[in-house]
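Residue strings, one per chain:
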Amino acid sequence: MGEAKDIVLRPIPAKDANELVKRVHYSGKVVQNSQLHIGVFYRGKLEGAMQFGPSLDKRKIQGLVSGTQWHEFIELNRMAFSDNLPRNSESRALSIAMKLLRKFAPQIKWVVTFADGTQCGDGTIYRAAGFVLTDIKNNNQLLRMPDGRVAHKIVFADGNYGATEDKKRYGKPAGLPEGSWLKSIGAEAILGFQLRYIYFIDPSYRARLTVPELPYSEIERRGAGMYKGQPRGRGETDSAPQSNEETGGASPTRPLLDSLTGGMPELIN
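In this report, we go over the structure that sits alongside the text. (Residues numbered from 1 in each chain as written. Predicted model: local features only at pLDDT ≥ 70, side-chain atom pairs only at ≥ 80, totals over all residues. Heavy atoms only, no water.)

Here we take up the overall build of the protein. Secondary structure summary: the protein contains eight helices and twelve strands in total. When the 269 residues of the protein are sorted by exposure, 52% land in the buried category. For the protein, the exposed surface amounts to about 12,500 Å²; the carbon and sulfur share of it is 50%. (Helix = DSSP H or I, 4+ residues; strand = E, 2+ residues; numbered from the N terminus. Buried < 20%, exposed > 50% of the residue type's maximum accessible area, 1.4 Å probe, protein only. Areas by Shrake-Rupley, 256 points an atom, 1.4 Å probe, with all protein chains shown as cover.)

What follows is the structure, given as structure tokens:
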């Protein structure tokens, strides 16, 4: 196998990214409002994808960094890498993607993302790429549905028009409180942790953070170390391998997408 330096990044159509995410990502699902898709190629073949878009609760996320304008942040909401990619490809791809955003989308000042310990890992790849840890919390938002599928609780809330696939599949009646309805059909919360990370493309925005910046050691202290949905043993948090099995987890404007697809057809390093 080659090395991480051999990967190539370039923007790709949503269709190509969605197909890869459905095939490779542990959830098997795409985020419907993803608007920017960056492919990771190895030996000429698409082997990974990163999808960016607006946060589910954009106003709340915006407040994490004071003075942030509506268009100045973006969420990395899907990251899926096949096992055919070399070791450490994730952290290298993240580093390249941040450079790409800094150069071709200067309006984006920071990127937020979440590590899903309930099904995946605690964010080893984000720490390796220099993301700042800003939150560790028990995650009670992911549900194991009666048919064994996993769904996010927020998609069933009245007024939320996202994730129509899950809404149609389970047929929640309008106006019925989601809590009582979910209980009635036998949906159960998946236990685990969710960790929030932020990458500051503009370093000056780091001083504006409105929540505590947590040391990485806090993950182990709180017993939040997770790998593939299972708790890590003591001392394993930061020494865990950066395998492709752990990948998982400002609305970008049309000029952002156009500048990336037209201004840089390929970025190697």
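Here we come to the nonpolar core. Grouped together as the largest cluster of nonpolar side chains are 38 residues, with contacts concentrated most on L9, M50, F52, M98 and Y126. Those elements giving two or more residues to this core turn out to be β2 (36-42), β3 (45-53), β4 (73-81), α3 (89-104), β5 (110-116), α4 (124-128), β6 (132-138) and β10 (193-200). With seven residues, α3 is the single largest residue contributor to this core. Sequence-distant contacts of M98, defined by excluding residues within four places in its chain, comprise F52, V111, F131, Y199 and I201. One finds I61, L64, F200 and L209 within the second-largest nonpolar core, a separate group that totals twelve residues. (Core = buried A, V, L, I, M, F, W, Y, C linked by side-chain atoms within 4.5 Å. Contact = heavy atoms within 4.5 Å.)

With that settled, consider the sheet that holds strand β9 (residues 188-189). What the three strands build is an open sheet, ordered β8-β7-β9; its pairing is antiparallel. Either end of the sheet is taken by a strand with one partner, and the two such strands are β8 (150-152) and β9. (Pairing = 2+ DSSP bridges.)

What follows is about the pattern of salt bridges. Under the definition given, this model contains seven salt bridges. The salt bridge involving R127 is made with D122; its shortest N-O contact spans 3.0 Å. The residue E218 makes a salt bridge to R221 at a minimum N-O spacing of 2.6 Å. Within this pair, E218 and its partner R221 are both found in helix α7 (residues 217-221), separated by three residues, close to a single helical turn. Here E218 falls in the buried class, since its relative accessible area comes to 11%. The network of salt bridges with common partners includes E218, R221 and R222. (Salt bridge = Lys/Arg side-chain N within 4 Å of Asp/Glu carboxyl O.)

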